[in-house]
Protein chains: 2
Amino acid sequence: MVHMPPKQQQTSEERYVAQLTEETHRLLEHQDFTEFHAFARDLHPYDLTQIYRELDPEDSGHFLIRLQTEQLADMIEMMSGQEQADIFQALGPDRSVDVMEQMDDADLTRFLQDLPPAKREELLSYMHLSSSSTLRKLLGYPPESAGRLMSDRFISISAEDTVQEATEHIRRSAAMSDTISYLYVVDQERRLAGVVSYHDLFFAEDHQLIGDLMKKRIVSASVTMDQEEAAQLIQRYEFLALPVVDEESRLCGIITVDDILDIVVSEADEDIAKMGGGSKDIDFDTKAIVAVRRRLPWLILLLFIGLISGSIVNFFENTLNQIVALAFFMPMIAGMTGNTGTQSLAVVVRGLNGRKLNAKTVWKLIRRELIVGIVIGISCGLLITVIAYFWQGNLVLGGIIGVSLLATLIIGTLTGTCIPLLLSRFKVDPAVASGPLITTLNDILSLFIYFGIASRFLGML
Amino acid sequence: MVHMPPKQQQTSEERYVAQLTEETHRLLEHQDFTEFHAFARDLHPYDLTQIYRELDPEDSGHFLIRLQTEQLADMIEMMSGQEQADIFQALGPDRSVDVMEQMDDADLTRFLQDLPPAKREELLSYMHLSSSSTLRKLLGYPPESAGRLMSDRFISISAEDTVQEATEHIRRSAAMSDTISYLYVVDQERRLAGVVSYHDLFFAEDHQLIGDLMKKRIVSASVTMDQEEAAQLIQRYEFLALPVVDEESRLCGIITVDDILDIVVSEADEDIAKMGGGSKDIDFDTKAIVAVRRRLPWLILLLFIGLISGSIVNFFENTLNQIVALAFFMPMIAGMTGNTGTQSLAVVVRGLNGRKLNAKTVWKLIRRELIVGIVIGISCGLLITVIAYFWQGNLVLGGIIGVSLLATLIIGTLTGTCIPLLLSRFKVDPAVASGPLITTLNDILSLFIYFGIASRFLGML
């Protein structure tokens with residue numbers, strides 16, 4: 001019996017996991033493997049991952065050895081790539097291959113695609129030919145395509161079957177489809193012809209034909225469809241699963257809503273990293289040195305771009321020497337231009353998500369942002385003119401600052417709108433259009449405009 | 001027959017919707033209502049929303065009149081709040097109430113909660129007492145709680161029933177549960193006792209007891225649980241639905257994965273708006289004047305904060321007058337501090353999503369960001385010292401700028417980390433911790449540090 005020290009502020013979930021972990025430790029220590037199997041079978045695979053993470057290194061090794069292959073496969077499917085790699089390392093090649101044969105194709109593909117090619121080939125070469133050739137085919141689809149996401153855990157039936165015949169067929173293939181709510185109907189050429197739910201079948205008479213029960217209007221994804229588009233389909237139609245077909249409309253696999261949830265979350269992480277100009281691979285658990293390595297190159301690039309702002313100020317050194325007060329408004333003008341740019345960027349980044357833009361939408365957006373920029377520019381420009389006049393007692397200076405702010409706010413709004421649109425148009429990695437880049441570019445533009453206008457009217461000051 | 005002008009670059013989906021719209025127009029024009037009903041019944045509710053949006057105003061009125069109440073309810077459930085309000089306006093109170101009685105509680109609650117209280121009361125007063133009292137109860141749960149999201153479309157059965165008894169019970173209540181894959185098992189006091197899937201029932205023998213079939217370890221949400229927490233549960237366990245219970249563990253409703261998808265997307269939108277310092281209510285379709293109204297107040301606030309930076313420069317006017325070159329590095333130092341702050345902010349904003357932080361996690365994060373700040377500060381500080389020395393030919397100036405950058409990068413990283421954490425700790429609306437605010441605050445801090453250090457070493461320059 002392990003006595004765990006009472007932890008402060010344990011949530012009910014933490015208490016539950018602690019109990020399970022203790023029970024696991026007890027069963028493994030007493031070598032009570034029959035009871036251990038029964039205990040593990042009753043748990044959700046997510047609970048198994050929680051226990052695995054909490055166990056001492058010694059126990060967790062035993063845990064992996066004693067779990068049944070199928071339980072292990074279900075647990076590993078729920079884990080991140082790094083954890084999966086660690087476990088397969090610990091299991092050794094033979095058991096790893098056994099576990100992989102039990103895993104869902106979608107999860108296994110996701111694991112294999114991130115491995116170094118040599119390691120991937122090694123694992124594939126150990127597997128049964130039928131499994132490895134399926135996996136090779138899946139890995140051949142473009143990254144982030146529907147084909148990469150497909151699961152093989154679906155059941156297809158024939159439209160000419162009666163409900164009774166279909167039921168028998170389903171019972172035979174039951175083990176492989178325990179999480180799916182739909183049955184897909186295919187014709188002789190395995191082309192997708194319709195869909196019925198377990199629920200429909202449950203309420204049908206034995207002699208009814210599947211062809212009469214099924215819904216014929218089916219929404220499907222093609223293997224090469226972008227994953228974001230597939231996610232949009234599932235979201236719009238509120239589907240639990242989406243069938244995926246090849247060029248000849250043959251059913252190849254299904255995408256399930258839980259995989260889509262993961263994608264939606266990771267796309268959102270990407271967008272937020274984009275706004276922050278960091279890497280989406282940094283989270284609470286990233287080590288400091290890794291975080292530095294991911295952030296620093298970007299910051300050094302921005303440092304050099306930031307020096308361009310400096311050389312603009314340098315270029316206008318004479319103007320600045322004559323009116324030092326111009327420097328007082330530099331941070332505000334540069335900052336405001338960056339702010340309005342970031343606001344526009346946020347709208348565009350989010351709007352680009354999973355949407356194909358046509359020229360009409362783009363022009364409408366640019367026109368709207370132009371109007372927004374002008375209205376915001378006039379409002380803030382007038383306000384700062386009044387403030388600068390009262391602060392510095394100089395109407396011309398106030399006017400110069402107001403006109404500069406008007407101009408830079410319009411430019412900043414358009415930069416924040418057009419740069420991400422252009423990058424997405426030319427399929428450049430949109431991570432380049434990050435918030436800090438927009439801010440830094442807007443710094444340069446705004447200082448140039450500001451000092452340009454100021455030196456033009458220098459004689460009047 | 002309507003001849004639609006061929007549109008450029010129509011996607012296959014647009015073509016499909018155009019065909020459906022044309023067919024709808026034809027059927028309504030010929031007053032072929034029997035065929036219209038059959039046609040509409042075959043379509044997915046999402047397709048109906050698409051048709052409705054494409055129809056001419058005249059046709060769309062007929063469309064609403066001719067759709068059957070249940071079809072109308074399914075279609076309205078798929079729409080946004082504004083569209084729903086427009087349709088109920090068009091339907092008039094009597095038909096609206098009929099439609100509402102058919103709608104899922106979760107969708108109806110979401111619609112009602114955004115209405116002005118007087119309008120909401122009016123609609124509720126027209127409804128059957130049983131429906132309106134259920135809705136009032138749901139509306140009584142805290143905003144963004146699991147209780148607000150609950151659907152009433154679930155079936156509960158008893159553990160003491162045999163499979164056959166349960167099946168008969170389910171057939172009787174079938175109409176109300178067509179989208180759910182699980183059946184919830186309750187005891188005499190309606191307390192949640194277990195869960196079985198249609199799939200389990202489908203493969204069971206008639207005489208088996210539900211109590212023997214059901215899974216007893218059930219994950220559930222409480223009515224007052226935050227919606228993000230419920231979303232995390234569904235995501236982690238890859239559930240299709242999550243039962244919601246009250247304080248006495250009685251089953252009150254279920255939350256389905258499609259509602260969770262919507263929440264995950266809207267939480268991500270909120271985070272991105274936060275990073276951009278705008279309002280999450282601005283999208284591609286927002287009118288310019290509305291976008292201005294939502295962005296301007298925030299920008300004006302930032303303008304005033306930006307002027308504080310100006311007064312810092314003003315305060316150090318003497319220093320700046322003596323060494324104008326200090327102004328060259330102002331934009332870079334302020335910019336870099338903002339950039340590192342925004343990177344940290346992105347990590348924190350994303351990490352706070354649906355996670356309860358304990359002190360250990362927070363300290364670990366702050367320590368990590370401090371290390372990151374120091375390493376980044378030393379790297380960038382050394383680099384800029386060398387650059388400044390070669391550019392301005394002055395080692396002391398180079399040193400001042402390097403040390404300033406080191407200090408401001410550390411401060412900027414910590415600000416970007418701690419401000420959102422503090423706000424979340426004190427439950428202040430985290431929208432306040434937006435990217436532009438962090439950037440603007442970091443402007444002030446960095447200029448203060450920069451000029452502070454510079455005037456300290458003024459004699460050496």
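If you're wondering where the values come from, they're calculated on a predicted model, not measured in any experiment. (Residues numbered from 1 in each chain as written. Chains lettered and ligands numbered in written order. Predicted model: local features only at pLDDT ≥ 70, side-chain atom pairs only at ≥ 80, totals over all residues. Heavy atoms only, no water.)

Engineer: Before we move on, could you go through the overall build of chain A and cite the residues and values that matter?
Structural biologist: What chain A contains, in helices and strands, is 21 helices and six strands. Here the C-alpha atoms of chain A give a radius of gyration of 30 Å, more than 25% beyond the 23 Å that 2.2 N^0.38 yields for 461 residues. Viewed in the frame of its principal axes, chain A has a C-alpha envelope of about 90 × 60 × 45 Å. Relative to its 461 residues, chain A shows a buried fraction of 55%. A sequence separation of at least 24 residues applies to 65% of the contacts in chain A between residues at least 6 apart. (Helix = DSSP H or I, 4+ residues; strand = E, 2+ residues; numbered from the N terminus. Rg over C-alpha atoms; globule rule 2.2 N^0.38 Å. Buried < 20%, exposed > 50% of the residue type's maximum accessible area, 1.4 Å probe, protein only. Contact = heavy atoms within 4.5 Å.)

Engineer: Go over empty space enclosed by the protein, please, and point to the residues and values.
Structural biologist: Here the idea is plain: a probe the size of a water molecule rolls over the atoms and shows the empty space left. Enumeration over the complete set of coordinates arrives at three cavities of 30 Å³ or more. What lines the largest cavity is a set of 27 residues, and nearest its centre among them are A:Gly335, A:Thr439, A:Asp443, B:Thr439 and B:Asp443. Counting only elements with at least two residues in the lining of the largest cavity, the list comes to helix 18 (325-351) and helix 21 (435-456) of chain A together with helix 18 (325-351) and helix 21 (435-456) of chain B. Here the residues of the lining of the largest cavity are counted per class, giving twelve nonpolar, 13 polar and two charged. In this structure, the second largest cavity encloses a volume near 60 Å³. Lining the second largest cavity are A:Leu302, A:Gly306, A:Thr439, A:Thr440, A:Asp443, B:Pro331, B:Met332, B:Gly335, B:Met336 and B:Asn339. When residues of the lining of the second largest cavity are traced back to their parent elements, those giving at least two are helix 16 (288-315) and helix 21 of chain A together with helix 18 of chain B. By residue number, the principal contributor to the lining of the second largest cavity is helix 18 of chain B, which donates five residues. Class assignment of the residues belonging to the lining of the second largest cavity gives a composition of four nonpolar, five polar and one charged. (1 Å grid on protein atoms, 1.4 Å probe; cavity = no way out; pocket = protein on both sides within 12 Å on 5 of 7 lines; lining within 4 Å. Points joined across faces, edges and corners; volume = space filled by probe spheres on them. Nonpolar A, V, L, I, M, F, W, Y, C, P; charged D, E, K, R; others polar.)

Engineer: Kindly report on the relation of the copies chain B and chain A, identifying the contributing residues and their values.
Structural biologist: When chain B is fitted to chain A, the residual RMSD is 0.2 Å, and the transformation amounts to a turn of 180 degrees plus an axial shift of 0.1 Å. Overall, the copies show the geometry of a two-fold rotation axis. (Least-squares fit on C-alpha atoms with pLDDT ≥ 70 in both.)

Engineer: So, the pairing of strand 3 (residues 192-197) of chain A: which residues are in play, and what are the values?
Structural biologist: Residues and elements named next belong to chain A. Of all the six residues making up strand 3, five are buried; the element is thus mostly covered by neighbouring parts of the structure. Where strand 2 (residues 182-186) meets strand 3, five bridges bridge the pair, whose relative direction is antiparallel. Residue pairing across strands places Val185 opposite Gly194, the latter belonging to strand 3. Hairpin remark: strand 2 followed by strand 3, antiparallel, with five residues in the connecting loop; positive phi at Arg190, about 65 degrees. (Pairing = 2+ DSSP bridges.)

Engineer: How would you sum up the sheet that holds strand 3 of chain A? Please name residues and give values.
Structural biologist: Residue and element names in this part refer to chain A. Judged by pairing direction, the sheet is mixed, and its three strands sit side by side in the order 1-2-3 without closing on themselves. Among the strands making up the open sheet, the edge pair consists of strand 1 (156-158) and strand 3. Adjacent strand axes in the sheet meet at a mean angle of 35 degrees when their direction is disregarded. (Axes fitted to C-alpha atoms, helices over the stretch in contact; angles between N-to-C directions.)

Engineer: So what's going on with the interface of chain B and chain A? Residues and values would help.
Structural biologist: Contacts between the two partners involve 115 residues from chain B and, on the opposite side, 114 residues from chain A. Together chain B and chain A conceal approximately 10200 Å² of surface at their shared face, both sides included; 70% is due to carbon and sulfur atoms. Contact with chain A buries surface across chain B, with B:Phe202, B:Phe284 and B:Arg295 losing the most and accounting together for 9% of the total. Measuring nitrogen to oxygen at the nearest pair gives 2.7 Å for the salt bridge that ties A:Asp47 to B:Arg217. Here chain B and chain A share 20 residue pairs in polar contact (both at pLDDT 80 or more) between them. Considering only residue class, the side of chain B that touches chain A consists of 62 nonpolar, 30 polar and 23 charged. (Buried area = accessible area lost by both parts, 1.4 Å probe. Salt bridge = Lys/Arg side-chain N within 4 Å of Asp/Glu carboxyl O. Polar contact = N/O pair within 3.5 Å; in protein donor to acceptor, adjacent residues only side chain to side chain.)

Engineer: Explain the packing of aromatic side chains to me, using residue names and the numbers behind them.
Structural biologist: All told, the structure shown has 26 aromatic pairs over all chains when counted by the stated rule. Seen from their ring centres, A:Phe36 and A:Phe63 are 6.0 Å apart, and the 75 degrees between their planes marks the pair as edge-to-face. Note that A:Phe36 is positioned in helix 2 (residues 33-42) and A:Phe63 in helix 4 (residues 57-66), a separation of 27 residues in sequence. Relative accessible area serves as the criterion here: at 1%, A:Phe63 is assigned to the buried category. Of the aromatic side chains, those joined through ring pairs into one cluster are A:Phe315, A:Phe316, A:Phe448, A:Tyr450 and A:Phe451. Its guanidinium or amino end placed over the ring of B:Phe33, B:Arg66 lies 3.8 Å from that ring's centre, counting from NZ or CZ. (Phe/Tyr/Trp six-rings, centres within 6.5 Å; stacked < 30°, edge-to-face > 60°. Lys NZ or Arg CZ within 6 Å of the ring centre and 35° of its normal.)

Engineer: Mind laying out the domain arrangement of chain A, listing which residues take part and the relevant values?
Structural biologist: By the assigned domains, chain A splits into domain 1 (12-139), domain 2 (156-260) and domain 3 (308-460). Domain 1 of chain A and domain 3 of chain A are separated by 53 Å when their C-alpha centres are compared. (Domains from an automatic or database assignment.)

Engineer: Explain the UniProt feature "domain: CBS" (unreviewed entry) in chain A residue by residue, including any values.
Structural biologist: Taken from the UniProt record, the annotation "domain: CBS" (unreviewed entry) applies to residues 150-213 and 214-270 of chain A. Strand forms 23% of residues 214-270 of chain A and helix 44%; the C-alpha atoms that close the span are 39 Å apart. (UniProt positions renumbered as here; feature names shortened; annotations may be inferred.)

Engineer: Let's hear about unusual backbone geometry: which residues, and what values?
Structural biologist: If you check the backbone angles, A:Glu144 has positive phi at about 60 degrees while not being a glycine. Although it is not a glycine, B:Gln31 sits at a positive phi angle of roughly 50 degrees. Take B:Gln31: it is sitting in the loop between helix 1 (12-29) and helix 2 (33-41). Judged by its relative accessible area of 57%, B:Gln31 is exposed.

Engineer: Which residues make up the UniProt feature "transmembrane region" (unreviewed entry) in chain A, and what values do they have?
Structural biologist: Residue and element names in this part refer to chain A. Taken from the UniProt record, the annotation "transmembrane region" (unreviewed entry) applies to residues 296-316, 322-349, 370-391, 397-423 and 435-458. Annotated as 100% helix and 0% strand, the span residues 397-423 places its first and last C-alpha atoms 38 Å apart. Within residues 435-458, the helical portion is 92% and the strand portion 0%, while the C-alpha atoms at the span's ends are 34 Å from each other.

Engineer: Help me get a handle on the side chain of A:Glu369, residues and values and all.
Structural biologist: Within the element layout of this structure, A:Glu369 appears in helix 19 (residues 359-392). Setting aside its immediate chain neighbours within four residues, A:Glu369 contacts A:Ser344, A:Thr413, A:Thr417 and B:Arg295.

Engineer: Go over helix 18 of chain A, please, and point to the residues and values.
Structural biologist: Over its 27 residues, helix 18 of chain A extends 41 Å from the first C-alpha to the last, a length consistent with the 39 Å expected when each residue adds 1.5 Å. A large share of helix 18 of chain A lies buried, amounting to 27 of its 27 residues. (Expected span 1.5 Å × (residues − 1).)

Engineer: Hey, could you go over the sheet that holds strand 6 (residues 251-256) of chain A for me, with residue numbers and the actual values?
Structural biologist: Sheets are built from strands paired through backbone hydrogen bonds, the pairs being either parallel or antiparallel. Residue and element names in this part refer to chain A. Taken in spatial order, the three strands make up an open sheet running 4-5-6, and their pairing is mixed. Either end of the sheet is taken by a strand with one partner, and the two such strands are strand 4 (221-222) and strand 6. Where strand 4 meets strand 5 (residues 241-245), two bridges bridge the pair, whose relative direction is parallel. In the strand pairing of strand 5, Ser222 is matched with Val245. Helix 14 (residues 227-237) rests against strand 5 and strand 6 of the sheet, and its axis sits at about 140 degrees to strand 5.

Engineer: Explain the confidence of the model for chain A residue by residue, including any values.
Structural biologist: Detailed conclusions should not be drawn from predicted coordinates in areas where pLDDT is low. All names here are of chain A. Scored by pLDDT, chain A comes out at a mean of 86, with 93% of its residues at no less than 70. Of all helices and strands in chain A, the one with the weakest mean pLDDT is helix 12 (residues 198-203) (78), whereas strand 4 scores best (94). Here residues 1-9 is modelled with pLDDT under 50, and outside its nearest four sequence neighbours on either side it reaches eight contacts, counting other chains as well. (pLDDT = per-residue confidence, 0-100.)

Engineer: Residue-level account of the nonpolar core, with values.
Structural biologist: With 103 residues, the main nonpolar core has A:Met332 and B:Met332 as its most contacted residues. In this structure A:Met332 touches A:Ile384, A:Ile401, A:Leu405, B:Leu303, B:Gly306 and B:Leu307, once residues within four positions along its chain are discounted. Counting residues in each nonpolar core, the second largest holds 74 residues, with A:Leu242, A:Ile263, B:Leu138 and B:Ile263 among its members. (Core = buried A, V, L, I, M, F, W, Y, C linked by side-chain atoms within 4.5 Å.)

Engineer: Account for the environment of B:Glu101, with residues named and values stated.
Structural biologist: All names here are of chain B. Along the polypeptide, Glu101 turns up in helix 6 (residues 81-102). Owing to a relative accessible area of 26%, Glu101 belongs among the partly exposed residues under this scheme. Spatially, the C-alpha atoms of Glu101 and Glu70 are 9.4 Å apart, while their sequence positions differ by 31 residues. Not counting chain neighbours up to four residues away, the residues in contact with Glu101 comprise Met127, His128 and Ser131.

Engineer: Can you explain the pairing of strand 2 (residues 182-186) of chain B? Please cite residues and give values.
Structural biologist: Residue and element names in this part refer to chain B. Where burial is concerned, most of strand 2 is hidden: five out of the five residues are buried. Of the two faces of strand 2, the one holding Tyr182, Tyr184 and Val186 and the one holding Leu183 and Val185 are both buried throughout. Where strand 1 (residues 156-158) meets strand 2, three bridges bridge the pair, whose relative direction is parallel. What sits directly across from Ser156, in strand 2, is Tyr184.

Engineer: Give a description of the packing of helix 18 of chain B against helix 21 of chain B that names residues and reports values.
Structural biologist: Residue and element names in this part refer to chain B. At a minimum axis separation of 8 Å, helix 18 and helix 21 run at an interaxial angle of 140 degrees. When the interaxial angle is binned, helix 18 and helix 21 end up oblique. Note that helix 18 runs across helix 21; the crossing there is right-handed. Of the residues in helix 21, those in contact with Leu326, Phe329, Met330, Ile333, Ala334, Thr337, Gly338, Gly341, Thr342 and Leu345 of helix 18 are Gly435, Ile438, Thr439, Asn442, Asp443, Ser446, Leu447, Tyr450, Phe451 and Ala454. Here the contact of helix 18 with helix 21 is composed, by residue class, of eleven nonpolar, eight polar and one charged. (Parallel < 35°, antiparallel > 145°, perpendicular 65-115°, else oblique. Left-handed = near helix turned anticlockwise from the far one by under 90°.)

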